Amino acid sequence: MKYTLVAWMRDTPGVLNRVSGMLRRRNFNIDSLQVSHSETPGISRMTFVVAGDKRVADQVVKQLRKVVDVTAVEDITDQLAVLRELALIRVRTTTATRGEIVQFAEIYRAQIVDVSAESLVVQAVGTEEKVDSLIEFMKPFGIEEMVRTGRVALCRGDNRSKPEKLSTSVFKATARLNGSGRG
Amino acid sequence: MAIAKREPIDSGYDPGPLEMTGSQMIWESLLREGIDIVFGHPGGAILPAYDALAPYEADGRIHHVLVRHEQCAAHMADGYARATGRVGVCIATSGPGATNLVTGLATAQMDSVPVVAITGQVPTNLLGTDAFQESDVVGITQPVCKHNYLVTDIAELPLVMKEAFYIAREGRPGVVLVDICKDTQNAAGVFRYDFDIDLPGFEPWPEYNAEALQAAADLLNRAERPLILAGHGIHLSYTSEELLKLVEKAEIPVVTTLLGTGNIPETHPLSLGMGGMHGEAFANRAVQACDVLVAMGMRFDDRITGRLDRFAANAEIVHFELDRSEVGKNIVPDVAVIGDLAETLPAFLPLIQERHHSDWVQELNVWRAETNEADIIQYEVEELIPPFVIRQLWHATERTDKRVIVVTDVGQHQMWESQYYIHEEAGMLLTSGGLGTMGYALPAAIGAQMSDPHALVWCVAGDGGFQMTLQELATIQQEKLSVKIAIINNGFLGMVRQWQQIFYEKRYVGTPVLSPDYVKLADAYDIPAAVVRHPSEVVPALEQAHATEGPFLIDFQVKEEVNVYPMVAPGAAVDELIRRPKPGYAQGYSGVQPSW
Ligand SMILES: Cc1ncc(C[n+]2csc(CCOP(=O)(O)OP(=O)(O)O)c2C)c(N)n1
């Protein structure tokens, strides 16, 4: 079973390392990990896809909560959520195949974002399954290069409670109280 | 909501914002945390901090203990912290100084000991250049710390110091390292310490759930064969008394973990001593036969559980624990009470009915009697065996009215100490339980003694482990300490030899260990010492040690190939143990004997 976890953390130097180091050290099986800014300045948001059973997912949540810089963690597996991944795929083309590739892309509501003489770049957004399936179709044409972001997730609905303990204050801001700069 | 439980020692000292250097800020922070002692070793990258220490040392506000190896600075801070419940502080230079700390920090972190480590780092402009004595200390120590910091900006230093002590101390204690660049130590800035700690991601004191507590009480009230498995958390939360009340109210036997030793007095009829790999057969039997197991402040380490799927297979399990990540990590309990035992245990008591469990206790006592009969100490009188030495050490220290602290190293002697020394109190045994760090005993004993010069501190070590950190004998003399040292000298790395005997057909590879003449060695440090070779010499030597002012070392040259029994082989269930050989049989392994 795959679990989707979201964690918010103070954007301090090395925080990604702290989290990934903990996951490696505790031997958790992480399918994907994606980091980005959140709506709060100074707070980053990480989305994890964890492979395992409920107990493993539960342990990942608890161990993440223990990382001091992590301000909140949520397992959104059972919630209604928008789950998306973005992929950029450079496919080899010939005059004979170009039309077919563009057609496939349209079926998947993917966009062609770059065209050159012998290849084009398809941008796909969707669930991992959808992206997987598009990639399968593209393979016979020859995939020259590819990048996938890994899953990002946002819960649906508008009366959604904020995850507990998300603070707007950040380390640097507090430290600045102190006045003097680097000596 | 996080509630601060154990308040920082209020030094009452805060003259408000002051202009000063980063180096001074280190010491000013310590003063505000009520710290008056640090264990360390200087070097280039921490020199500004050492230089700034001079006035604090001169007027006695902060005492620096020079160690002979940084590993021991961390162990001393650890021993100091375990003996006092306060944060221990160690300090080292960059590169090799910091990497030398690692074993000591890992030891403290594994056993939930509050330690703050301060290390110097190369100047900020050299960071990442493989500069002389540069190492990525934050990276190296991250897995063995509760949290750590690299400080490159003087503006952040005061808050970092305050957070470091807060994190190390609050909740489940642990290690926090602060790595400070040399130019940051030299920089000037404004020091203040009146910050409110704002750590939204740090939840030191989760509030317990009253329903869970009631569910736990319901289970225990229904139990016919209840058992408590009490760990280090009891001591960390100072709830030994409440535990005893609970135990007596409902007549519940208690098994402890190694770090839970003495949670209830071991002379108490309901105390079954330590369980697990070298726990007594009746203690492990109790674990396997109980119908409700209440685990308190412990983490189901493999040394206590043995084979997990067969552990307490007949029991419903209740887990009282502060650190929620320990709940469900190894054992999924039927009821979990997450919270501080200092809150949950007093709230639990009134929910528990007064009861007797005479049949259950009777059954355990039959087992206990059988075990005692087979005990080597009952019949082996001709030769000097370690259990006898330890038992006599207990008798000798029993008579003193001083506070007694026993610090053990790691190996056979550590297990014998646990079995044959009778601990009356939580916190009187300091030992490396989680990491099992050889070399721990001597420096930790020094740290403990520094915290209480009037205590009677016994360092009990094997000939192997003692040789790992014996250079600290010099520290004992430099600090004029009166640590007493017992070396259980069996000519082997005993515990490993025992495994080779049992699991590797007696191929003693790398385990015979040569020792120096310990009396001569002690003499070189001007420490009085004695050799003991025969049982009759044990008591006089111990008496001499106690009668001597200052330190004393005894080299107990014990019988070589004695094994620690009972023993649960790694991976076996705790009731598949190798029992003590019956009297008259050779000590040693003779196949797995039927357990019961
Ligand atoms: C630093 C370290 N290295 C190795 C070990 C593995 N080990 C565990 S017990 C032991 C033997 C200890 O021998 P000794 O100190 O003589 O004590 P004894 O077992 O004989 O009482 C060893 C090598 C360890 N625990 N710690």
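These figures come from a predicted structure and were not determined experimentally.

**Q** Could you give an account of the pattern of salt bridges, naming the residues involved and the relevant values?
**A** Taken as a whole and judged by the stated rule, the model has 37 salt bridges over all chains. For the salt bridge of Glu144(A) with Arg92(A), the shortest nitrogen-to-oxygen distance reads 3.3 Å. Of this pair, Glu144(A) sits in strand β8 (residues 143–148) while Arg92(A) sits in strand β5 (residues 81–92), and the two are 52 residues apart along the sequence. By relative accessible area, Glu144(A) is classed as partly exposed at 43%. Judged by relative accessible area, which is 43%, Arg92(A) ranks as partly exposed. For Arg172(B), the salt bridge is made with Asp323(B), and the minimal N-O distance between the two is 2.8 Å. Of this pair, Arg172(B) sits in the loop between α6 (157–169) and β7 (175–181) while Asp323(B) is found in the loop between β13 (316–321) and β14 (335–338), placing the two residues 151 residues apart along the sequence. For Asp323(B), a relative accessible area of 9% translates into the label buried. When salt bridges with common partners are traced through the structure, they connect Lys66(A), Arg172(B), Asp323(B), Glu326(B) and Lys329(B) into a single cluster.

**Q** Kindly report on the packing of helix α8 (residues 210–222) of chain B against helix α13 (residues 341–348) of chain B, identifying the contributing residues and their values.
**A** Each pair of packed helices gets described by two things: the angle between the helix axes and the distance between those axes. Residue and element names in this part refer to chain B. Relative to each other, α8 and α13 sit at 50 degrees, their axes nearing to 10 Å. Classified by the angle between their axes, α8 and α13 sit oblique to one another. Here α8 and α13 pass one another in a crossing that is right-handed. Facing Leu213, Ala216, Ala217 and Leu220 of α8, the residues of α13 in contact are Thr344, Ala347 and Phe348. The residue inventory of the contact of α8 with α13, partitioned by class, reads six nonpolar, one polar and no charged.

**Q** Run through the environment of Val335(B), naming residues and quoting values.
**A** All names here are of chain B. Tracing the backbone shows Val335 in strand β14. Measuring from C-alpha to C-alpha, the distance between Val335 and Phe320 comes to 8.6 Å, with 15 residues separating the pair along the chain. In contact with Val335, not counting residues within four places along its chain, are Ala212, Ala215, Ala216, Leu219, Ile317, Val318 and His319.

**Q** Please set out the pairing of strand β19 (residues 529–532) of chain B residue by residue, giving values where relevant.
**A** All names here are of chain B. Of the two faces of β19, the one holding Ala530 and Val532 is buried and the one holding Ala529 and Val531 is not buried anywhere. In terms of strand pairing, β19 meets strand β20 (residues 552–557) through four bridges, oriented parallel. In the strand pairing of β20, Val532 is matched with Phe556. Handedness of the crossover joining β19 and β20 through helix α22 (residues 538–547): right-handed.

**Q** Explain the packing of helix α3 (residues 70–84) of chain B against helix α17 (residues 441–451) of chain B residue by residue, including any values.
**A** Residue and element names in this part refer to chain B. Where α3 meets α17, the axes come as close as 7 Å, and the angle between the chain directions of the two elements is 45 degrees. Classified by the angle their axes make, α3 and α17 are oblique. Crossing handedness for the pair α3 and α17: right-handed. Mapping the contact onto sequence places Cys72, His75, Met76, Gly79, Tyr80, Ala83 and Thr84 in α3 and Pro443, Ala444, Ile446, Gly447, Ala448 and Ser451 in α17. In terms of residue class, the contact of α3 with α17 is built from eight nonpolar, five polar and no charged.

**Q** Got a sec to walk through the nonpolar core? Specific residues and values, please.
**A** Residue and element names in this part refer to chain B. Phe39, Cys90, Leu105, Val407, Phe466, Ile476 and Ile485 are the most contacted members of the largest nonpolar core, which totals 53 residues. For this core, the element with the highest residue contribution is α3, accounting for eight residues. Each of two domains, domain 1 (18–191) and domain 3 (381–561), supplies a minimum of three residues to this core. When near neighbours in sequence (up to four residues on either side) are disregarded, Val407 contacts Leu430, Tyr440, Ala441, Ala444, Ala445, Val457, Trp458, Cys459 and Val460. Leu30, Val38, Tyr149 and Leu157 belong to the second-largest nonpolar core, a separate cluster that totals 40 residues.

**Q** Break down helix α20 (residues 494–503) of chain B for me, with residues and values.
**A** Residue and element names in this part refer to chain B. Across the 10 residues of α20, seven count as buried, placing the element largely inside the fold. For α20, every residue scored as buried is listed here: Gly494, Met495, Arg497, Gln498, Gln500, Gln501 and Ile502. Tucked into the core, α20 has its buried residues touching α16 (412–420), β21 (567–568) and β22 (577–578). Directly after α20, the chain includes Glu505, whose backbone phi takes a positive value near 45 degrees.

**Q** Give me the lowdown on the domain arrangement of chain A, citing residues and values where you can.
**A** Residues and elements named next belong to chain A. If you check the domain split of chain A, you get domain 1 (2–78) and domain 2 (82–153). Look at where the C-alpha atoms of domain 1 and domain 2 centre, and you get two points 29 Å apart. Counting residues at the interface gives seven residues for domain 1 and seven residues for domain 2. Interface area for domain 1 against domain 2, summed over the two sides, is near 560 Å², with a carbon-plus-sulfur share of 54%. Its largest share of buried area at the contact with domain 2, domain 1 owes to Thr4, Gln34 and Thr47, together 52% of the area lost on that side. Summed over the shared surface of domain 1 and domain 2, the result is zero salt bridges. Put simply, domain 1 and domain 2 have two residue pairs in polar contact (both at pLDDT 80 or more) between them. Elements that contribute at least two residues to the side of domain 1 that touches domain 2 include exactly β2 (30–37) and β3 (43–51). No other element matches the three residues that β3 contributes to the side of domain 1 that touches domain 2. Tallied by class, the residues present in the side of domain 1 that touches domain 2 amount to two nonpolar, four polar and one charged.

Reading the values: rules and limits
Residues numbered from 1 in each chain as written. Chains lettered and ligands numbered in written order. Predicted model: local features only at pLDDT ≥ 70, side-chain atom pairs only at ≥ 80, totals over all residues. Heavy atoms only, no water. Salt bridge = Lys/Arg side-chain N within 4 Å of Asp/Glu carboxyl O. Helix = DSSP H or I, 4+ residues; strand = E, 2+ residues; numbered from the N terminus. Buried < 20%, exposed > 50% of the residue type's maximum accessible area, 1.4 Å probe, protein only. Axes fitted to C-alpha atoms, helices over the stretch in contact; angles between N-to-C directions. Parallel < 35°, antiparallel > 145°, perpendicular 65-115°, else oblique. Left-handed = near helix turned anticlockwise from the far one by under 90°. Contact = heavy atoms within 4.5 Å. Nonpolar A, V, L, I, M, F, W, Y, C, P; charged D, E, K, R; others polar. Pairing = 2+ DSSP bridges. Right-handed = clockwise from strand over helix to strand, strands pointing away. Core = buried A, V, L, I, M, F, W, Y, C linked by side-chain atoms within 4.5 Å. Domains from an automatic or database assignment. Buried area = accessible area lost by both parts, 1.4 Å probe. Polar contact = N/O pair within 3.5 Å; in protein donor to acceptor, adjacent residues only side chain to side chain.

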